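Residue-level structure breakdown
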Amino acid sequence: MNSMGTMPQSRTEQLVIQEMADETLVYDLDRHKAHCLNRAASAVWSRCDGSTTVSEMAEILRRDLDIPAAEDVVWLALSQLGKAKLLDGREVIVKVVKP
């Protein structure tokens, strides 16, 4: 799957969310785990609405956070969010980046 077609959806149920200046704190009531999302991960997670593509998220990170390798950052964030069970449960295809 390419980045144009990947449109992840964030999980919203059973989460307590507190947005701070430079991070977002998420407490998972089901798993009793807390997660601290940095600015980039928070920006990605907040745009996991099922309609924003990875490419669009990358452009937002480049524009708003001045992150040059934004698409790689989006894929990394999606991988971490998936492992933390903060996405809706659908598998996220992780893009493998070769040096």
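Below is a summary of the structure that appears in this document. All of these numbers come straight from a predicted model, not from anything done at the bench.

**Points about unusual backbone geometry**
- Of note in this structure, glutamine 14 is not a glycine but carries a positive phi near 60°.
- As for its placement among the helices and strands, glutamine 14 is situated in the segment before β1 (15–19).
- A positive phi angle is found at lysine 85, which is not glycine, with a value near 65°.

**Here's the deal with the side chain of histidine 35**
- Topologically, histidine 35 is positioned in strand β3 (residues 33–38).
- Classification of histidine 35 by relative accessible area gives buried; the value is 16%.
- If we skip the residues at most four places from it in the chain, histidine 35 touches Thr24, Leu25, Val26, Asp28, Ala84 and Leu86.

**Details of the environment of leucine 87**
- Examined against the element boundaries, leucine 87 turns out to sit in the segment after α3 (70–83).
- A relative accessible area of 6% means that leucine 87 is categorised as buried.

**Overview of the pattern of salt bridges**
- The final tally for this structure, using the stated rule, is five salt bridges.
- For the salt bridge of glutamate 59 with arginine 62, the shortest nitrogen-to-oxygen distance reads 3.4 Å. Of this pair, glutamate 59 and arginine 62 are both found in helix α2 (residues 54–65), three residues apart, which corresponds to roughly one turn of the helix.
- Classification of glutamate 59 by relative accessible area gives partly exposed; the value is 40%.
- We classify arginine 62 as partly exposed; its relative accessible area is 34%.
- Salt bridges sharing common partners tie together Arg11, Asp28, Asp30 and Arg31.

**Thoughts on the pairing of β3**
- In terms of strand pairing, strand β2 (residues 23–28) meets β3 through six bridges, oriented antiparallel. In the strand pairing of β3, tyrosine 27 is matched with alanine 34.
- Counting the residues between successive antiparallel strands, the hairpin from β2 to β3 contains four residues, one of them, histidine 32, with a positive phi of roughly 55°.

Parameters and conventions
- Residue indices follow the written sequence of each chain, beginning from 1 at its first position.
- Side-chain atom pairs in this predicted model are given and counted only at pLDDT of 80 or more, local residue features only at pLDDT of at least 70, and totals for whole chains, interfaces and linings cover all residues.
- Side-chain descriptors were evaluated using all non-hydrogen atoms of the structure, hydrogens and water having been removed beforehand.
- Strands are runs of DSSP state E lasting at least two residues, helices are runs of H or I lasting at least four, and both sets are numbered from the N terminus onward.
- The classification of residues rests on relative accessible area computed with a 1.4 Å probe and restricted to protein chains. Under 20% of the type maximum is buried, over 50% is exposed, and intermediate values are partly exposed.
- Contacts between residues were defined by any pair of non-hydrogen atoms, one from each residue, lying within 4.5 Å.
- Should a side-chain nitrogen of Lys or Arg be within 4 Å of a carboxyl oxygen of Asp or Glu, the pair is scored as a salt bridge.
- For two strands to be treated as a pair, DSSP must find no fewer than two bridges joining them.

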